[in-house]
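# Survey of secondary and tertiary structure
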Amino acid sequence: MCGIVGAIAQRPVTEILLEGLRRLEYRGYDSAGVAVLTGQQEINRSRAVGKVAALTEKLQDSPVVGNIGIAHTRWATHGIPAEHNAHPHMSNGRVAIVHNGIIENYAELREELKAKGYQFTSDTDTEVIVHLIEMHMTFGLSLPDAVRKAIENLRGAYALGVISADDPDTLIAARQGSPLVLGLGLGETFIGSDIQAMLPVTSRFIYLENGDFCVIKRDSLHIFDLSGKEVTREIKESNAGMCTADMGEYRHFMHKEIFEQPVAVQSTLEGRLGVDNLKHCVTGDNAMDILAVVEEIQIIACGTSYHAGLIASYWLEEMTNIPCSVEVASEFRYRRRPPRDNVLFVTLSQSGETADTLAALEKVKQDGSMLATLTICNVAESSLTRESDLSLMTLAGPEIGVASTKAFTTQLVVLLMLVGLLLQAKGESPETVKAIVENLKKLPILLEQALEKDKAIEHMAEDFIEKHNALFLGRGDQYPVAMEGALKLKEISYIHAEAYPAGELKHGPLALVDNEMPIIAVAPNTGLIEKLKSNLEEVRSRGGKLYLFADKAAAMQADDDCYVIEMPEVPEILAPIVYTIPLQLLSYYTAVFKGTDVDKPRNLAKSVTVE
Ligand code: G6P
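Rules used in this analysis
Residues numbered from 1 in each chain as written. Predicted model: local features only at pLDDT ≥ 70, side-chain atom pairs only at ≥ 80, totals over all residues. Heavy atoms only, no water. Phe/Tyr/Trp six-rings, centres within 6.5 Å; stacked < 30°, edge-to-face > 60°. Helix = DSSP H or I, 4+ residues; strand = E, 2+ residues; numbered from the N terminus. Buried < 20%, exposed > 50% of the residue type's maximum accessible area, 1.4 Å probe, protein only. Lys NZ or Arg CZ within 6 Å of the ring centre and 35° of its normal. Salt bridge = Lys/Arg side-chain N within 4 Å of Asp/Glu carboxyl O. Near = heavy atom within 4 Å. Polar contact = N/O pair within 3.5 Å; in protein donor to acceptor, adjacent residues only side chain to side chain. Areas by Shrake-Rupley, 256 points an atom, 1.4 Å probe, with all protein chains shown as cover. Nonpolar A, V, L, I, M, F, W, Y, C, P; charged D, E, K, R; others polar. Core = buried A, V, L, I, M, F, W, Y, C linked by side-chain atoms within 4.5 Å. Pairing = 2+ DSSP bridges. Right-handed = clockwise from strand over helix to strand, strands pointing away. Contact = heavy atoms within 4.5 Å. Axes fitted to C-alpha atoms, helices over the stretch in contact; angles between N-to-C directions. 1 Å grid on protein atoms, 1.4 Å probe; cavity = no way out; pocket = protein on both sides within 12 Å on 5 of 7 lines; lining within 4 Å. Points joined across faces, edges and corners; volume = space filled by probe spheres on them.

## Regarding the packing of aromatic side chains
Applying the stated criterion to the full structure yields five aromatic pairs. Judged by centre distance (5.6 Å) and plane angle (45°), the ring pair of Phe332 and Phe345 falls under tilted. One end of the pair, Phe332, is in helix α10 (residues 329–332); the other, Phe345, is in strand β18 (residues 343–349), with 13 residues separating them in the sequence. Judged by relative accessible area, Phe345 falls into the buried class, the value being 0%. Three or more aromatic residues link up through ring pairs in this structure, and these residues are Phe464, Tyr547 and Tyr563. Cation over ring: Arg148 sits above Phe224, and NZ or CZ is 4.8 Å from the ring centre. Over the aromatic face of Tyr494 sits the side chain of Arg602, whose NZ or CZ is 3.8 Å from the ring centroid.

## Quick notes on the pattern of salt bridges
Per the stated rule, a full pass over the model turns up 33 salt bridges. The salt bridge involving Arg94 is made with Glu134; its shortest N-O contact spans 3.1 Å. Of the two residues, Arg94 sits in the loop between β5 (89–91) and β6 (95–100) while Glu134 sits in helix α4 (residues 127–138), which places them 40 residues apart along the sequence. With a closest N to O distance of 3.8 Å, Arg540 and Glu537 form a salt bridge. Placement of both Arg540 and Glu537 in helix α17 (residues 529–540) is noted, with a separation of three residues, approximately one turn of the helix. Exposure remark for Arg540: the relative accessible area of 29% places this residue in the partly exposed category. Relative accessible area serves as the criterion here: at 46%, Glu537 is assigned to the partly exposed category. Put simply, Glu19, Arg22 and Arg23 are held in one network by salt bridges that share partners.

## Let's talk about the site of the ligand
The environment of the ligand is made up of 13 residues, and the closest members are Ser305, Ser349, Gln350, Ser351 and Thr354. Here an oxygen atom of the ligand and a backbone polar atom of Thr304 are 3.0 Å apart. A distance of 2.6 Å separates an oxygen atom of the ligand from a polar atom in the side chain of Ser349. Burial of the ligand by the protein amounts to 90% of the accessible area it has alone, namely 390 Å². For the shell around the ligand, the class distribution of residues is four nonpolar, eight polar and one charged.

## Re the nonpolar core
As a rule of thumb, nonpolar side chains are buried together in soluble globular proteins. Formed by 94 residues in total, the largest nonpolar core has its most connected members in Ile297, Trp315, Phe472 and Phe549. No other element matches helix α13 (residues 406–426), which puts 12 residues into this core. With 28 residues, the next largest nonpolar core counts Ile97, Phe120, Tyr158 and Phe224 among its residues.

## Details of the pairing of strand β24 (residues 545–551)
Both faces of the sheet carry side chains from a regular strand, because those side chains alternate between them. The element β24 is largely enclosed, with a buried count of six among its seven residues. Taken together, the six bridges between strand β23 (residues 518–523) and β24 define a ladder with parallel strand orientation. Bridged to Ala523 within β24 is Ala550. On the question of chirality, the crossover connecting β23 to the parallel β24 by way of α17 is right-handed. Relative to strand β25 (residues 562–567), β24 runs parallel, the two sharing six bridges. Bridge pairing in β25 links Ala550 to Glu566.

## Considerations on the sheet that holds strand β2 (residues 31–37)
Across the sheet, which stays open at both edges, the eight strands sit in the order β3-β2-β4-β1-β10-β9-β11-β15 with antiparallel pairing between neighbours. For this open sheet the edge positions go to β3 (43–49) and β15 (236–237), each flanked by a neighbour on one side alone. Note: strand β9 (residues 181–184) against strand β10 (residues 189–192), four bridges, orientation antiparallel. Bridging from a neighbouring strand, Val181 pairs with Gly192 of β10. Contacting β1 (3–8), β2, β4 (68–74) and β10, helix α1 (residues 14–24) runs over the sheet at an angle of about 160° to β1. Each of β2, β3 and β4 touches helix α2 (residues 52–61); the most contacted strand, β3, lies at about 130° to it.

## A look at empty space enclosed by the protein
By the definition in use, this model includes two cavities of 30 Å³ or more. In this model, the largest cavity occupies a volume close to 80 Å³. In this structure, the largest cavity is lined by 15 residues; those nearest its centre are Cys2, Arg74, Thr77, His87 and Asp125. Its residues assigned to classes, the lining of the largest cavity shows five nonpolar, eight polar and two charged.

## Here's the deal with the sheet that holds strand β21 (residues 469–474)
Taken in spatial order, the five strands of this open sheet run β22-β21-β23-β24-β25, and their pairing is parallel. If you trace the sheet from one side to the other, it starts and ends with β22 (496–501) and β25, each paired once. Adjacent strand axes in the sheet meet at a mean angle of 20°, parallel and antiparallel pairs treated alike. Packing against the sheet, helix α16 (residues 478–493) makes contact with β21, β22 and β23, and its axis sits at approximately 175° to β22. Its contacts with the sheet place α17 against β21, β23, β24 and β25, and it is angled at close to 170° to β23.

Any functional reading would require information that these geometric values do not contain.
Structure representation (structure tokens):
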């Protein structure tokens, strides 16, 4: 993870770097640092433990000023969050670097460098890189050549920004595995982990490819590919600066993003629905021809996106009759599976940069085992969209809260659209396609109605303040909804929460039920409601307190031990999307009451670019 930003300009860059870091805090926020080259050609560095605000405060007392610099916000991998482990790391006051990624062979490099007399001041894997660069400069190499040479020794993933007191007019950037983007200004150039970091200063970007190496000066930019050949990369204009990434009237980004869901869903549907069919909205060559011959689907994702995949597998198998498997990327990438024919490989990701998901994609591309690769992603130009044959974008807008909300519901929307597109491509079941289209059109209103439960759920959340554990139950496609509810609660309120398919309760978790254990169930009136009710009775008869989200037709009776929030009537196909909303709100308010850092929960980051 970690966020990096850098700038070379004809004006002081510290403020630009700090604003970049604030916008990258979703990537990590346990410490932050900045290094600039001063007019006296010295590297001036400042680092602080905690969020970027702590660094900003420190800089108010002792500012660092210069026209070229690099900065970093950290998510600790090697070494605890502490000032000595914060980036930028330096070597002999001569070179400074920021790094995002993991150097796998750092331990052996560290020993070699120690034997050569280098003293290490941190526990990070990154510090070997800066000493290697300095060592090569000592042998007479220029800054660019020294960085190139150092990179040859690295195994692992990196996005790097490098400056040196010996070469005050150069900023070096390099990328392998971890994301890195260049921002182009007039007589100034920026680097950042994503475009958000640079939107206040430019709207023109170059997305670097793996293996790219850049020598950036105020008046020139040279990019070299993995083979060392100079290359020209396409410049992309972005209008993302128009989307506001501020909180408006809300106290937290998460609350704002929960309430943005009707609009995010509407944007995702915009222009994609016909009267009774779907527009061909998958980007990539021969998309519909590919969908027409799909015989099996393999979905790969992590975290919340994985739960969206699980829900989709119910839809896909029931409505298209195409077998579908779903697996978390970190498992899939290291597993051998028997070859199968005509498998569509689908990655789901908000960021498009999750390291394990990317590695899984890389693996199937290398072994050529899939019919085609399709990504469902929220970030155009992300690594996943660029590396996949096909893409189907969610148009949720920037999601800032670490806990994913609107990205999840828009993924579900797009996955339902994929169901319809597969049927259309195969010329099957037009009535199912029509039903999908008609239901999707109703969704924004239904989400609005679910959001009207905000106050009631806030009230319910008061019961959770003192709880240490919670069980979430669902059946059928509501089981992954329960999983997502449990994940949200643990992520932001730090309450231990697990989800079970309700029918599995008696095979173990029932032993945990007593009057201290809240049981949350999502209970729309689907074909499985009677089964679910029997499971809930098993809980009640053991003294467990129930918290139910159910529609009127489900006929759940509220009493002292059973709290019921009445949900709007929804078509069965949309229930997983609509019933996600109250679970998001329940976690949100519980976290607010507990006083946790809702948007930046401890130990987590939004974009997980390390394995
Ligand atoms: C992190 C985030 C989650 C997210 C997961 C997958 O764990 O905190 O909110 O669901 O990564 O991210 P992706 O960008 O691939 O959907």
